[in-house]
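Coordinate analysis (summary)
Okay, here's what each chain looks like letter by letter:
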Amino acid sequence: MATEDKFCPSCGARLTLRQDEGHTRPVCPDCGRIIYYDPKLAATCVVEREGRTLFVQRAMPTGYGLWSLPGGYVDRGEPVEDAAAREVFEETGLRVITGDLIGVFSQAQHPVVVVAYSATETGGVLNAGPECLDLGFFSLDALPPLAFPRDAEIIRRKNLSR
């Protein structure tokens, strides 16, 4: 358990671990509260230009130096579509409008759920943001080394919907 998860948010007692519905969960032995962890929601966009797809080279610890679709976490209360467009701007300098929903992607035992949209450029200047080492447009038959295999699935699904 993480440091902030050691005490019950209801009564302050030290939490213990217990099996609940097939999962090991923190449980308060005093008041009985079970702690359920929420997934993290992320949003991404597939931005295409002249038949190529925009990728960013990550400067973040997870997947450092590898490539991914531009995207990131959704802030509480932020519409998912807005988060996807915001993340594209922060990472690439491009302004986009989100289009069709490509899909919702999740994996067993992984806390991040990714919502992917197609997007259309509306302006901005292409420039790698502070979380990126580089960026570029790649053809589907020459993708760079990906940080997240799910990105290839997102692109495949987008192309199937055409």
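For the structure itself, consult the block above.
Residues numbered from 1 in each chain as written. Predicted model: local features only at pLDDT ≥ 70, side-chain atom pairs only at ≥ 80, totals over all residues. Heavy atoms only, no water.

With respect to the helices and strands, Asp 75 occurs in the loop between strand S6 (71-73) and helix H1 (80-92). What makes Asp 75 partly exposed here is its relative accessible area of 45%. For the pair Asp 75 and Ser 10, spaced 65 residues apart in sequence, the C-alpha to C-alpha distance is 25 Å. (Helix = DSSP H or I, 4+ residues; strand = E, 2+ residues; numbered from the N terminus. Buried < 20%, exposed > 50% of the residue type's maximum accessible area, 1.4 Å probe, protein only.)

In this section: unusual backbone geometry. Phi is positive for Glu 50, which is not a glycine, with a value near 50 degrees. Within the fold, Glu 50 resides in the loop between strand S3 (40-49) and strand S4 (52-58). The phi angle at Gln 109 is positive, at roughly 65 degrees, despite the residue not being glycine.

To continue, consider the layout of surface pockets. Taken as a whole, the largest pocket encloses approximately 510 Å³ of empty space. Lining the largest pocket are 23 residues, with Arg 58, Gly 71, Gly 72, Tyr 73 and Phe 148 sitting closest to its centre. Elements with a minimum of two residues in the lining of the largest pocket: S3, S4, S6, H1 and strand S8 (112-124). As a volume, the second largest pocket reaches approximately 280 Å³. His 23, Thr 24, Arg 25, Tyr 37, Pro 39, Gln 107, Gln 109, His 110 and Pro 111 together form the lining of the second largest pocket. Of the residues contributing to the lining of the second largest pocket, the split by class is three nonpolar, five polar and one charged. (1 Å grid on protein atoms, 1.4 Å probe; cavity = no way out; pocket = protein on both sides within 12 Å on 5 of 7 lines; lining within 4 Å. Points joined across faces, edges and corners; volume = space filled by probe spheres on them. Nonpolar A, V, L, I, M, F, W, Y, C, P; charged D, E, K, R; others polar.)

All right, on to the nonpolar core then. Of all hydrophobic cores here, the largest spans 19 residues; its most connected members are Ala 43, Cys 45, Val 47, Leu 54, Val 80, Val 88 and Val 96. Elements that contribute at least two residues to this core include exactly S3, S4, H1, strand S7 (94-105), S8 and strand S9 (132-138). By residue number, the principal contributor to this core is H1, which donates five residues. By size, the runner-up hydrophobic cluster in this structure holds 13 residues, among which are Phe 55, Phe 105, Val 114 and Ala 116. (Core = buried A, V, L, I, M, F, W, Y, C linked by side-chain atoms within 4.5 Å.)

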